[in-house]
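Okay, here's what each chain looks like letter by letter:
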Amino acid sequence: MEMLGQAAKAILRQETATILLTGKQSDDINARIASIRDSMTDMDSTFDKEKAEERIASLAGGVARIRVGAATEVELKDKKLRYEDAVNSVKNALKYGVLPGGGTTFLYLKRYRDEVVEEMKREGLDDEIFGADILFEALSEPMRQIAENAGKHGNFVVSKCLDKEFGWGFNAASLTYENLLTAGVLDAATVTENSLANSVSIASLVLTSGGMVVEDEEGMRQLEKEQAMDYARAAGGMM
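- You'll find the protein chain entered in an unreviewed UniProt entry as Chaperonin cpn60 tcp-1, with Nannochloropsis gaditana given as the organism.
- Note on the protein chain: under the UniProt heading Sequence similarities (unreviewed entry), the record states "Belongs to the chaperonin (HSP60) family."

Spelled out as C-alpha coordinates, the structure:
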(Lines give C-alpha, C1' and ligand atoms only; values in the text may rest on other atoms or scores of the structure.)
Protein backbone atom coordinates (compact mmCIF):
# COMPACT_ATOMS: atom_id res chain seq x y z
CA MET A 1 0.00 0.00 0.00
CA GLU A 2 2.89 2.38 0.69
CA MET A 3 4.05 2.09 -2.93
CA LEU A 4 0.64 3.19 -4.23
CA GLY A 5 0.86 6.62 -2.60
CA GLN A 6 -2.07 8.83 -1.63
CA ALA A 7 -4.81 10.68 -3.46
CA ALA A 8 -6.76 13.76 -2.46
CA LYS A 9 -9.99 12.42 -3.91
CA ALA A 10 -11.28 9.52 -6.00
CA ILE A 11 -14.47 9.71 -8.09
CA LEU A 12 -15.74 6.28 -9.08
CA ARG A 13 -18.53 5.73 -11.58
CA GLN A 14 -19.87 2.75 -13.48
CA GLU A 15 -17.50 3.11 -16.42
CA THR A 16 -14.91 5.69 -15.31
CA ALA A 17 -12.63 6.42 -12.38
CA THR A 18 -11.00 9.79 -11.70
CA ILE A 19 -8.20 10.10 -9.15
CA LEU A 20 -7.18 13.58 -7.98
CA LEU A 21 -3.63 13.77 -6.64
CA THR A 22 -2.46 15.66 -3.59
CA GLY A 23 0.29 17.51 -5.46
CA LYS A 24 3.13 15.80 -3.61
CA GLN A 25 3.81 13.54 -6.61
CA SER A 26 4.64 16.37 -9.06
CA ASP A 27 8.39 15.75 -8.99
CA ASP A 28 7.96 12.03 -9.67
CA ILE A 29 5.48 12.72 -12.45
CA ASN A 30 7.79 15.23 -14.14
CA ALA A 31 10.65 12.74 -13.92
CA ARG A 32 8.50 10.05 -15.52
CA ILE A 33 7.46 12.42 -18.33
CA ALA A 34 11.10 13.29 -18.99
CA SER A 35 11.96 9.58 -19.09
CA ILE A 36 9.24 8.91 -21.68
CA ARG A 37 10.41 11.83 -23.83
CA ASP A 38 13.96 10.47 -23.78
CA SER A 39 12.77 7.02 -24.82
CA MET A 40 10.84 8.50 -27.77
CA THR A 41 14.11 9.43 -29.49
CA ASP A 42 14.87 5.72 -29.95
CA MET A 43 11.40 4.80 -31.23
CA ASP A 44 11.07 4.04 -34.95
CA SER A 45 7.42 3.06 -34.92
CA THR A 46 4.83 5.80 -35.37
CA PHE A 47 2.40 3.74 -33.30
CA ASP A 48 4.82 3.61 -30.36
CA LYS A 49 5.42 7.37 -30.55
CA GLU A 50 1.69 8.08 -30.56
CA LYS A 51 1.17 5.86 -27.51
CA ALA A 52 4.06 7.59 -25.76
CA GLU A 53 2.53 10.99 -26.49
CA GLU A 54 -0.82 9.79 -25.14
CA ARG A 55 0.93 8.59 -21.98
CA ILE A 56 2.63 11.97 -21.54
CA ALA A 57 -0.68 13.75 -22.05
CA SER A 58 -2.33 11.53 -19.43
CA LEU A 59 0.41 12.21 -16.90
CA ALA A 60 0.66 15.94 -17.54
CA GLY A 61 -3.06 16.62 -17.92
CA GLY A 62 -5.29 17.97 -15.22
CA VAL A 63 -8.97 17.72 -14.43
CA ALA A 64 -11.38 20.68 -14.47
CA ARG A 65 -15.04 20.65 -13.55
CA ILE A 66 -17.47 23.09 -15.15
CA ARG A 67 -20.79 23.47 -13.37
CA VAL A 68 -23.63 24.49 -15.68
CA GLY A 69 -26.93 25.76 -14.29
CA ALA A 70 -30.08 27.12 -15.88
CA ALA A 71 -33.68 27.98 -15.08
CA THR A 72 -35.20 25.36 -17.39
CA GLU A 73 -34.22 21.96 -18.76
CA VAL A 74 -34.15 23.24 -22.35
CA GLU A 75 -31.80 26.09 -21.44
CA LEU A 76 -29.61 23.69 -19.47
CA LYS A 77 -29.20 21.34 -22.43
CA ASP A 78 -28.38 24.28 -24.70
CA LYS A 79 -25.74 25.56 -22.30
CA LYS A 80 -24.19 22.12 -21.93
CA LEU A 81 -23.85 21.80 -25.71
CA ARG A 82 -22.26 25.25 -25.89
CA TYR A 83 -19.74 24.37 -23.17
CA GLU A 84 -18.92 21.07 -24.89
CA ASP A 85 -18.32 22.89 -28.18
CA ALA A 86 -16.08 25.40 -26.42
CA VAL A 87 -14.03 22.69 -24.70
CA ASN A 88 -13.61 20.73 -27.94
CA SER A 89 -12.56 23.89 -29.77
CA VAL A 90 -9.90 24.58 -27.15
CA LYS A 91 -8.61 21.03 -27.40
CA ASN A 92 -8.35 21.32 -31.19
CA ALA A 93 -6.67 24.71 -30.85
CA LEU A 94 -4.05 23.30 -28.51
CA LYS A 95 -3.33 20.45 -30.89
CA TYR A 96 -3.53 22.11 -34.31
CA GLY A 97 -3.18 25.84 -33.65
CA VAL A 98 -5.43 28.88 -34.02
CA LEU A 99 -6.43 31.39 -36.69
CA PRO A 100 -7.88 34.89 -36.42
CA GLY A 101 -11.63 34.72 -35.93
CA GLY A 102 -14.51 36.90 -37.01
CA GLY A 103 -14.37 35.65 -40.61
CA THR A 104 -10.97 37.31 -41.04
CA THR A 105 -9.20 34.18 -42.29
CA PHE A 106 -11.83 33.53 -44.97
CA LEU A 107 -11.70 37.13 -46.16
CA TYR A 108 -7.90 37.00 -46.38
CA LEU A 109 -8.12 33.93 -48.64
CA LYS A 110 -10.05 35.89 -51.28
CA ARG A 111 -6.82 37.50 -52.49
CA TYR A 112 -5.61 34.10 -53.76
CA ARG A 113 -8.49 33.76 -56.22
CA ASP A 114 -6.46 34.64 -59.33
CA GLU A 115 -3.67 32.22 -58.44
CA VAL A 116 -6.13 29.37 -57.91
CA VAL A 117 -7.97 30.09 -61.16
CA GLU A 118 -4.74 30.21 -63.17
CA GLU A 119 -3.68 26.87 -61.70
CA MET A 120 -7.06 25.37 -62.59
CA LYS A 121 -6.74 26.63 -66.16
CA ARG A 122 -3.33 24.99 -66.49
CA GLU A 123 -4.83 21.72 -65.29
CA GLY A 124 -7.73 21.99 -67.75
CA LEU A 125 -10.41 22.43 -65.07
CA ASP A 126 -12.32 25.11 -66.96
CA ASP A 127 -15.76 23.91 -65.85
CA GLU A 128 -14.72 23.93 -62.19
CA ILE A 129 -13.65 27.59 -62.31
CA PHE A 130 -17.29 28.67 -62.04
CA GLY A 131 -17.59 26.76 -58.76
CA ALA A 132 -14.33 28.27 -57.50
CA ASP A 133 -15.67 31.77 -58.22
CA ILE A 134 -18.78 31.00 -56.17
CA LEU A 135 -16.62 29.82 -53.28
CA PHE A 136 -14.33 32.85 -53.32
CA GLU A 137 -17.33 35.16 -53.52
CA ALA A 138 -18.86 33.48 -50.47
CA LEU A 139 -15.70 33.82 -48.35
CA SER A 140 -16.66 37.34 -47.31
CA GLU A 141 -20.09 36.29 -46.01
CA PRO A 142 -19.04 35.24 -42.46
CA MET A 143 -17.53 38.66 -41.72
CA ARG A 144 -20.44 40.44 -43.42
CA GLN A 145 -22.98 38.54 -41.30
CA ILE A 146 -21.04 39.13 -38.08
CA ALA A 147 -20.96 42.86 -38.84
CA GLU A 148 -24.70 42.88 -39.58
CA ASN A 149 -25.38 41.09 -36.29
CA ALA A 150 -23.35 43.77 -34.51
CA GLY A 151 -25.50 46.51 -36.06
CA LYS A 152 -22.96 47.61 -38.67
CA HIS A 153 -23.16 47.78 -42.45
CA GLY A 154 -21.73 44.45 -43.63
CA ASN A 155 -20.44 45.54 -47.04
CA PHE A 156 -18.68 48.56 -45.52
CA VAL A 157 -16.93 46.44 -42.88
CA VAL A 158 -15.79 43.92 -45.50
CA SER A 159 -14.40 46.68 -47.73
CA LYS A 160 -12.44 48.11 -44.77
CA CYS A 161 -10.78 44.75 -44.04
CA LEU A 162 -10.39 43.38 -47.56
CA ASP A 163 -6.80 44.49 -48.25
CA LYS A 164 -5.42 44.45 -44.73
CA GLU A 165 -2.62 42.23 -43.45
CA PHE A 166 -3.28 38.74 -42.13
CA GLY A 167 -5.11 38.78 -38.80
CA TRP A 168 -6.46 42.31 -39.14
CA GLY A 169 -10.26 42.46 -39.01
CA PHE A 170 -13.44 43.62 -37.29
CA ASN A 171 -13.89 42.96 -33.58
CA ALA A 172 -17.65 42.71 -33.10
CA ALA A 173 -17.30 42.79 -29.29
CA SER A 174 -15.58 46.19 -29.18
CA LEU A 175 -16.79 47.43 -32.62
CA THR A 176 -13.19 48.23 -33.59
CA TYR A 177 -10.80 47.28 -36.38
CA GLU A 178 -7.66 45.63 -35.04
CA ASN A 179 -5.34 42.64 -35.20
CA LEU A 180 -7.59 39.87 -33.95
CA LEU A 181 -4.65 37.56 -33.20
CA THR A 182 -3.31 39.94 -30.58
CA ALA A 183 -6.82 40.87 -29.41
CA GLY A 184 -7.60 37.23 -28.62
CA VAL A 185 -10.42 36.80 -31.14
CA LEU A 186 -9.44 33.32 -32.29
CA ASP A 187 -10.83 30.22 -33.96
CA ALA A 188 -9.34 26.74 -33.81
CA ALA A 189 -7.71 25.95 -37.16
CA THR A 190 -9.60 22.68 -37.52
CA VAL A 191 -12.92 24.43 -36.79
CA THR A 192 -12.26 26.94 -39.57
CA GLU A 193 -11.20 24.21 -41.99
CA ASN A 194 -14.14 21.93 -41.22
CA SER A 195 -16.70 24.74 -41.41
CA LEU A 196 -15.52 25.58 -44.93
CA ALA A 197 -15.51 21.93 -46.00
CA ASN A 198 -18.98 21.33 -44.57
CA SER A 199 -20.35 24.45 -46.22
CA VAL A 200 -19.02 23.35 -49.60
CA SER A 201 -20.51 19.90 -49.06
CA ILE A 202 -23.97 21.30 -48.31
CA ALA A 203 -23.83 23.73 -51.23
CA SER A 204 -22.83 20.91 -53.58
CA LEU A 205 -25.76 18.85 -52.32
CA VAL A 206 -28.19 21.67 -53.06
CA LEU A 207 -26.79 22.24 -56.54
CA THR A 208 -26.84 18.56 -57.50
CA SER A 209 -30.19 17.65 -55.95
CA GLY A 210 -32.12 20.56 -57.44
CA GLY A 211 -34.18 21.07 -54.30
CA MET A 212 -34.37 20.51 -50.56
CA VAL A 213 -37.07 20.14 -47.91
CA VAL A 214 -37.00 22.91 -45.30
CA GLU A 215 -39.33 24.04 -42.55
CA ASP A 216 -41.38 27.09 -43.53
CA GLU A 217 -42.05 28.74 -40.16
CA GLU A 218 -44.18 31.53 -41.64
CA GLY A 219 -46.20 29.04 -43.63
CA MET A 220 -46.71 26.86 -40.55
CA ARG A 221 -48.00 29.83 -38.55
CA GLN A 222 -50.41 30.75 -41.33
CA LEU A 223 -51.63 27.16 -41.54
CA GLU A 224 -52.20 27.01 -37.77
CA LYS A 225 -54.12 30.29 -37.94
CA GLU A 226 -56.35 29.00 -40.71
CA GLN A 227 -56.96 25.74 -38.84
CA ALA A 228 -57.93 27.67 -35.69
CA MET A 229 -60.41 29.74 -37.70
CA ASP A 230 -61.88 26.56 -39.23
CA TYR A 231 -62.30 25.03 -35.77
CA ALA A 232 -63.96 28.19 -34.52
CA ARG A 233 -66.41 28.26 -37.44
CA ALA A 234 -67.16 24.55 -36.98
CA ALA A 235 -67.78 25.01 -33.26
CA GLY A 236 -70.08 27.97 -33.96
CA GLY A 237 -72.11 25.96 -36.46
CA MET A 238 -72.67 23.13 -33.97
CA MET A 239 -74.19 25.44 -31.35
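## Comments concerning unusual backbone geometry
- Even without being glycine, Leu-175 reaches a positive phi, approximately 60°.
- Residue placement: Leu-175 occurs in the loop between β4 (168-171) and β5 (176-179).

## Quick word on the packing of helix α7 (residues 141-149) against helix α8 (residues 154-161)
- Between α7 and α8, whose axes approach to 8 Å, the crossing angle comes to 130°. Accordingly, the angle class assigned to the pair α7 and α8 is oblique. Handedness of the crossing formed by α7 with α8: right-handed. Of α8, the residues touching α7 (which contributes Met-143, Arg-144, Ala-147 and Glu-148) are Gly-154, Asn-155, Val-157, Val-158 and Cys-161.
- Tallied by class, the residues present in the contact of α7 with α8 amount to five nonpolar, two polar and two charged.

## Quick look at the packing of aromatic side chains
- Taken as a whole and judged by the stated rule, the model has four aromatic pairs.
- Relative to Phe-166, the ring of Tyr-108 lies with its centre 5.1 Å away and its plane at 70°, an arrangement referred to as edge-to-face. With Tyr-108 in helix α4 (residues 104-109) and Phe-166 in the loop between α8 and β4, this pair connects stretches of sequence that are 58 residues apart.
- Residues Phe-170 and Tyr-177 carry aromatic rings whose centres are separated by 5.5 Å and whose planes lie at 50° to one another, so their mutual orientation is tilted.
- A relative accessible area of 3% places Phe-170 in the buried class.
- In this structure, Lys-160 packs its charged tip against the face of Tyr-177, placed 5.1 Å from the ring centre.
- Directly above the aromatic system of Trp-168 lies the positively charged group of Lys-164, at a separation of 4.9 Å from the ring centroid.

## Overview of helix α1 (residues 26-40)
- Under the 1.5 Å per step criterion, the end-to-end length of α1 is 21 Å for 15 residues, consistent within 8% with the ideal 21 Å.
- Within the span of α1, buried status applies to Ile-33, Ile-36 and Met-40. An end-on view of α1 places all buried positions within 60° of arc, on one side of the element. Away from the buried face of α1 by more than 90 degrees, exposed residues Asp-27, Asp-28 and Asp-38 are located.
- Packed against the buried residues of α1 are α2 (46-60).

## Quick word on the domain arrangement of the protein chain
- Partitioning the protein chain into structural domains gives domain 1 (9-61) and domain 2 (98-208).
- Its C-alpha centre places domain 1 at a distance of 40 Å from the equivalent point of domain 2.

## Describing the side chain of Thr-104
- Structurally, Thr-104 is set in helix α4.
- Sequence-distant contacts of Thr-104, that is, excluding residues within four places in its chain, are made with Met-143, Gly-167, Trp-168, Gly-169 and Leu-180.

## Here's the deal with the environment of Glu-118
- Structurally, Glu-118 can be placed in helix α5 (residues 113-122).
- Residue Glu-118 is classed as partly exposed on the basis of its relative accessible area of 41%.

Here is what the cut-offs are and how they apply
- Residues numbered from 1 in each chain as written.
- Predicted model: local features only at pLDDT ≥ 70, side-chain atom pairs only at ≥ 80, totals over all residues.
- Heavy atoms only, no water.
- UniProt positions renumbered as here; feature names shortened; annotations may be inferred.
- Helix = DSSP H or I, 4+ residues; strand = E, 2+ residues; numbered from the N terminus.
- Axes fitted to C-alpha atoms, helices over the stretch in contact; angles between N-to-C directions.
- Parallel < 35°, antiparallel > 145°, perpendicular 65-115°, else oblique.
- Left-handed = near helix turned anticlockwise from the far one by under 90°.
- Contact = heavy atoms within 4.5 Å.
- Nonpolar A, V, L, I, M, F, W, Y, C, P; charged D, E, K, R; others polar.
- Phe/Tyr/Trp six-rings, centres within 6.5 Å; stacked < 30°, edge-to-face > 60°.
- Buried < 20%, exposed > 50% of the residue type's maximum accessible area, 1.4 Å probe, protein only.
- Lys NZ or Arg CZ within 6 Å of the ring centre and 35° of its normal.
- Expected span 1.5 Å × (residues − 1).
- Arc of directions from axis to C-beta.
- Domains from an automatic or database assignment.

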